[in-house]
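The chain contents come next:
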Amino acid sequence: MNRWFGIVCLIVLSGCENVLEIELAPTESEITVTSIFTENEPWQVLLQPTVPIQDASSIPPVIKDAKVVIEGSDGSFIKLTYIGGGFYHSDAFLPQMGIRYTLRVEADPYPNIVASDQIPRSAIVEKVVRFKDKDQVIIRINDEEEISNYYAISVLSQNMDRRSFLVTNPELDDQMRRFALQEPFQPFIDRPMVETAYLHDRPFDGDQLDLSLDVGSETQDLTVLVNSISKAYYDYAVSKGIQENIEDLPFAEPAPIQSNVQGGQGFFVGYNLHVDGELSPEEMKKRLLGQYYLSSYRHLDDLNPIKPTIEFTLNNDHSVAGFMETLPTSENEDKKVISLNGGYTFRHSISIRGTIFYYIQLHQDQHTFFQNTILTFGTNSDGETIYLRADQEAWTRDEISQWISRKFDKKE
C-alpha cells in the first residue's frame, strides 16, 4: 500500500512544473596533463586548461608559456621545449626503467603541477599462440610474485585497426565486468567486448596465466601488444572506463577519475611494451611519417561541398609543417592561408568505450579545427596507401550542428 501511495504522489508531483534557477559557484580553471612515457622514447607532455562552468561557451586558451621540467631520481633534469597547441617535447635524457620521474609545471595563473611515476618492468610473455581453426589467441604470461603487476592487452589487425575481443578466463570475469555498459535490462555482463583489457594480477599472482582472447575471426596476421603499466596508469584507465560506461545512466553512482597529478588533472604515467607481431609502434610511426593532402571533404548534409586546400607533413622529430587555405565566405572576401605548424603526438588511447587504440593528434596554436584534432589512420583497398581521417561535429553561426568528414592521403 505504501509503495503504491508513493508512486501516485510521484505522478501527481511530476505534473507541477517549477523552474528553479540555481546559481552555480564559480570554479577555477586547472591544467589537464596528458603524458605517457616509455623507455628510449622522447618526452611528450600535453597541457590543456579545463573550462570553468561559467565559461563553457568560450574557447580555452593555449598554454604556451609554461615552464615544464622533468626530474629523475638519478639526478637527470630535462627541460621540455614548446612545440605548439600546448604540446611540449624533449629528446634529452630519454626515459629509462628503474628511475622515478617527477613532472613539474609552472604556468601562470594556474596552480603549479607535480606528478610522479616510473616505467615498470616488462611483462614476461613466454609465448603467444594463434589458432588456425579457432578465433582464439592464447597469451602465456609468467607473472612475478610478491609484486603487484598491471597489464593492458590489445590486438591490432594488419591494416593497423584495433580488434575488439573477449577475455574468456573465468577467473578474470569480475575484472572484465567493470568494463561492461551496465544497461538496466542487462546488468550482469561478465564478458564484454573490449579493445583494451586492463588487468591486475591478484587472481594469478606469481603464477603462469594462459590469457585466452576470443578475437572473432582470423588470427594469423594479428599483432598482440602486452603493456606492463604502472599502478597510476591502471587506476586512471579503469576509472575513466567506468565513468564512460555510466555517463548515460541517470541513477548511477558517481565515478570520479583517478589522477596522479597534484594541482591539476590528468595523468603522468609509465609503461613497458612487449610486441608479438609485425606492427610495433615504431613500425607504425615509420609508415605514417610524410606529407599529406586533403583528398576528400564533405558535410553529411552536403555531399559535394567545395574542398579547401590543406597540406601538412609529419616529421620524425614530432613537428608538423603545413598550411590551410580557407575559402571566402562572401564575394568581397579573399582567401586566407593559415599556418598549421606545430607538433603531433602518436599515442594509444587509454579510454575504454568507443575509442581507437592508436591515433595521431595534431597540436597548433591557431583556433582552427586542427587544434588538437584527432586523426585516425588506415589503408586503402590496395593495403598500401595510407590515409588519415578526421570526423568532427561542427556548429554553424546559427547553432546548427553538422558532421564534417575529412580524409588526407599520403603523398608517395
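Residues numbered from 1 in each chain as written. Predicted model: local features only at pLDDT ≥ 70, side-chain atom pairs only at ≥ 80, totals over all residues. Heavy atoms only, no water.

Asks: Would you mind going over the nonpolar core in detail, with residue names and values included?
Replies: By size, the foremost hydrophobic cluster in this structure holds 68 residues, and its most contacted members are I139, L213, F312 and F408. Here this core gets 6 residues from one element, more than from any other, and that element is strand 11 (residues 150-156). When sequence neighbours within four positions are dropped, the list of residues in contact with F312 reads G290, Q291, Y292, V320, A321, G322, F370, L375, L388 and F408. Counting residues in each nonpolar core, the second largest holds 24 residues, with I31, F37, V45 and V68 among its members. (Core = buried A, V, L, I, M, F, W, Y, C linked by side-chain atoms within 4.5 Å. Buried < 20%, exposed > 50% of the residue type's maximum accessible area, 1.4 Å probe, protein only. Helix = DSSP H or I, 4+ residues; strand = E, 2+ residues; numbered from the N terminus. Contact = heavy atoms within 4.5 Å.)

Asks: Any details on the side chain of T38? Residues and values, ideally.
Replies: Along the chain, T38 turns up in the loop between strand 1 (31-37) and strand 2 (43-49). On the basis of relative accessibility, which here comes to 9%, the residue T38 falls in the buried class. Here the side chain of T38 touches Y271 through a polar contact of 2.7 Å, landing on its backbone oxygen. Ignoring any residue separated from it by four or fewer positions in sequence, one finds T38 in contact with P95, I119, Y271 and N272. (Polar contact = N/O pair within 3.5 Å; in protein donor to acceptor, adjacent residues only side chain to side chain.)

Asks: Residue-level account of the pairing of strand 10 (residues 136-142), with values.
Replies: Counted residue by residue, strand 10 has 5 buried out of 7 residues, so it is predominantly covered. With 5 bridges connecting them, strand 9 (residues 125-130) and strand 10 associate as antiparallel partners. Among the inter-strand pairings, R130 is bridged to a residue of strand 10, identified as V137. Hairpin connection from strand 9 to strand 10: 5 residues lie between these consecutive antiparallel strands. Both strand 10 and strand 14 (residues 208-214) contribute to a ladder of 7 bridges, which runs antiparallel. Each bridged residue has a counterpart across the sheet, and for I141 the counterpart in strand 14 is L209. (Pairing = 2+ DSSP bridges.)

Asks: Which residues make up unusual backbone geometry, and what are the values?
Replies: The omega torsion across D108 and P109 is 5 degrees, close enough to zero to call that bond cis. In this fold, P109 is placed in the loop between strand 7 (100-106) and strand 8 (113-118). With phi around 45 degrees, F93 is a residue other than glycine that occupies positive phi space.

Asks: Requested: an account of the packing of aromatic side chains, with residues and values cited.
Replies: Tallied over the full model, the rule gives 12 aromatic pairs. Judged by centre distance (5.0 Å) and plane angle (45 degrees), the rings of F37 and W43 are tilted. Owing to a relative accessible area of 2%, F37 belongs among the buried residues under this scheme. Given the relative accessible area of 0%, W43 is considered buried. For the pair Y151 and F204, a centre-to-centre distance of 6.4 Å together with 25 degrees between the ring planes defines the contact as stacked. Here F204 lies in the loop between strand 13 (196-200) and strand 14 and Y151 lies in strand 11, a separation of 53 residues in the sequence. In terms of burial, Y151 and F204 fall into one category: buried. In this arrangement the basic side chain of K134 is found over the ring face of F131, its NZ or CZ atom lying 5.2 Å from the centre. If you follow K407 out to its NZ or CZ, it ends over the ring of Y387, 4.9 Å from the centre. (Phe/Tyr/Trp six-rings, centres within 6.5 Å; stacked < 30°, edge-to-face > 60°. Lys NZ or Arg CZ within 6 Å of the ring centre and 35° of its normal.)

Bear in mind that shape data such as this cannot, by itself, settle questions of function.
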